[in-house]
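Commentary on secondary and tertiary structure
Next come the chains, spelled out residue by residue.
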Amino acid sequence: MICIQSLEYKNFMKRGENLIHLPIMVDEVLKNLLWNKKGVYIDATVGLGGHTLAILKNSESNVIGIDLDKKQIKLASERLRAFGKRVLLVIGNYGYMDRFLNIKVDGILFDFGISSYQLDDPERGFSYRKEGPLDMRYGKGGTTAKDIIENWSEKKIAEILYLYGEEKFSKVIAQKIKKEIPQSTSELALIVRKSVPRERAHKHLSKVFQALRIAVNEEFLNIEKGINSAANLLKEKGKLVVITYHSKEEKLVCSKTRENNLKFITKKPILPSKAEFLKNPRCRSAHLRVFEK
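Attention in this report is confined to the structure presented alongside it.

Calculation rules
- Residues numbered from 1 in each chain as written.
- Predicted model: local features only at pLDDT ≥ 70, side-chain atom pairs only at ≥ 80, totals over all residues.
- Heavy atoms only, no water.
- Helix = DSSP H or I, 4+ residues; strand = E, 2+ residues; numbered from the N terminus.
- Buried < 20%, exposed > 50% of the residue type's maximum accessible area, 1.4 Å probe, protein only.
- Polar contact = N/O pair within 3.5 Å; in protein donor to acceptor, adjacent residues only side chain to side chain.
- Contact = heavy atoms within 4.5 Å.
- Pairing = 2+ DSSP bridges.
- Axes fitted to C-alpha atoms, helices over the stretch in contact; angles between N-to-C directions.
- Parallel < 35°, antiparallel > 145°, perpendicular 65-115°, else oblique.
- Left-handed = near helix turned anticlockwise from the far one by under 90°.
- Nonpolar A, V, L, I, M, F, W, Y, C, P; charged D, E, K, R; others polar.
- Core = buried A, V, L, I, M, F, W, Y, C linked by side-chain atoms within 4.5 Å.
- Patch = residues over 30% accessible without salt bridge, like charges linked within 9 Å, V, L, I, M, F, W, Y side chains within 5 Å.
- Areas by Shrake-Rupley, 256 points an atom, 1.4 Å probe, with all protein chains shown as cover.
- Salt bridge = Lys/Arg side-chain N within 4 Å of Asp/Glu carboxyl O.
- Lys, Arg positive; Asp, Glu negative; His and termini not counted.
- Charge placed at Lys NZ, Arg CZ, Asp CG, Glu CD.

What follows concerns the side chain of threonine 266. Looking at the secondary structure, you find threonine 266 in the loop between β6 (263-264) and α14 (274-279). Under the relative-accessibility criterion, threonine 266 is labelled buried at 10%. Within the local environment of threonine 266, its side chain forms a polar contact with the backbone nitrogen of valine 290, the two atoms lying 2.9 Å apart. With sequence-adjacent residues up to four places away left out, threonine 266 is seen in contact with Leu288, Arg289 and Val290.

Another point: unusual backbone geometry. The backbone of methionine 25 shows a phi angle near 50°, a positive value even though the residue is not glycine. Tracing the backbone through its elements, the reader meets methionine 25 in the loop between α1 (7-14) and α2 (26-33). Unlike most non-glycine residues, methionine 136 shows phi in positive territory, near 70°. The class for methionine 136 is buried, based on a relative accessible area of 0%.

With that settled, consider the pairing of strand β1 (residues 40-43). The pairing of β1 with strand β2 (residues 62-67) spans 4 bridges and is parallel. Bridge pairing in β2 places tyrosine 41 opposite valine 63. The pairing of β1 with strand β4 (residues 105-111) spans 3 bridges and is classified as parallel. Among the inter-strand pairings, aspartate 43 is bridged to a residue of β4, identified as leucine 109.

The N-to-C vectors of helix α9 (residues 170-180) and helix α10 (residues 185-195) enclose an angle of 135°; their axes lie 9 Å apart at closest approach. By the angle class used here, α9 and α10 are oblique. In the packing of α9 onto α10, the handedness of the crossing is right-handed. Residues Val172, Ile173, Lys176, Ile177 and Glu180 of α9 touch α10, and the partners they reach there are Leu188, Ile191, Val192, Lys194 and Ser195. Here the residues of the contact of α9 with α10 sort into 6 nonpolar, 1 polar and 3 charged.

What follows concerns helix α3 (residues 50-57). Taken across its 8 residues, α3 has 7 buried, putting it largely inside the fold. Within α3, burial applies to Gly50, His51, Thr52, Leu53, Ala54, Ile55 and Leu56.

This brings us to the nonpolar core. Ranked by size, the top nonpolar core spans 28 residues in total, and within it Met136, Ile148, Ile173, Ile177, Leu188 and Leu212 carry the most contacts. Of all the secondary-structure elements, those providing two or more residues to this core are α7 (145-151), α8 (154-165), α9, α10 and α11 (201-217). Among the elements that make up this core, the one with the highest residue count is α11 (8 residues). The contact partners of leucine 212, leaving out residues within four places of it in the chain, are Met136, Ile148, Ile160 and Leu188. The next biggest cluster of nonpolar side chains, apart from the first, holds 27 residues, and it includes Ile24, Met25, Leu33 and Leu80.

With respect to the helices and strands, lysine 57 occurs in helix α3. Overall, the relative accessible area of 61% leaves lysine 57 in the exposed class. When the C-alpha positions of lysine 57 and phenylalanine 83 are compared, they lie 9.1 Å apart, and in sequence the two are 26 residues distant.

What follows deals with the sheet that holds β6. If you walk across this open sheet you meet the 7 strands as β3-β2-β1-β4-β5-β7-β6, and the pairing is mixed. The open sheet has two edge strands with one neighbour each: β3 (87-91) and β6. Examined bridge by bridge, β2 and β3 share 5 bridges and lie parallel to one another. Following the sheet pairing, aspartate 67 is matched in β3 by isoleucine 91. The sheet strands contacting α3 are β1, β2, β3, β4 and β5 (234-244), and the helix crosses β2 at an angle near 175°.

Together, Lys168, Arg200, Lys203, Lys207 and Arg284 make up a positively charged patch on the protein surface. Examined against the element boundaries, lysine 207 turns out to sit in helix α11.

Right, let's get into the pattern of salt bridges. Counted by the stated rule, this structure contains 11 salt bridges. A salt bridge links arginine 81 to glutamate 78; its shortest N-O distance comes to 2.7 Å. In this structure glutamate 78 comes out as buried when scored by relative accessible area, which is 13%. In this structure, lysine 194 engages glutamate 180 in a salt bridge whose closest nitrogen and oxygen atoms are separated by 3.3 Å. In this pair, lysine 194 sits in helix α10 while glutamate 180 sits in helix α9, placing the two residues 14 residues apart along the sequence. You can call lysine 194 partly exposed: its relative accessible area is 44%. For glutamate 180, a relative accessible area of 40% puts it in the partly exposed group.

Here's what the structure looks like:
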């Protein structure tokens, strides 16, 4: 397990951020993933460790947690310290996990949502509600949203806004982005607001920021690679549990699982309960699907 200084975790807890980080559909994940209570599982999007914590508490299993975000790995490490050698945390891209893990596992979990911790950190640039740099990277390397805005063509930016955000004003927004070249999240948000009907501006802002985030992190490509990797790592009868948040993600997951001959256990997605929605409105678009090797 990764050893770190506890100061950052203490500050995190002091600010109460543990209260707003609520892992999605925990009961449903446990019911469908934990078929072997003494098995080995991968939480491929470990984040702050909410799902991993639940797995460890409700079984005698071991968990390998993977995340690109070094800050989240550090915080999860402190949170899960009490479980010692039962948990191993790895900073890495789940798309390549079959290359750096030489083990067969009983189950793998993907939660493709962005965590509240990331979304609410203005320095990450994920949210249009907070002033911050146009970054949007999960890790430290690679292209930023600022790079895309400055270096990609108007046509290419319009394409990603339409394909990844289903934004119908994509061409207008892309044209204004290239004309004004925003330097911060607030400047980008203002451009979007000026390009769309005022009464539904927040919907368009969500779509634009989502599309840029997907492009920055090559999320769809990584989902494809991640499902391929999962199929290689699962034991026979091993379970794959996937939580998606929009239709293109879900369609891609279904397509790749078919290609890898994984059996559909859930013909229709499992949705959050009304009680969970009231507790955590951010779960409203979550769809959970289960597959078997």
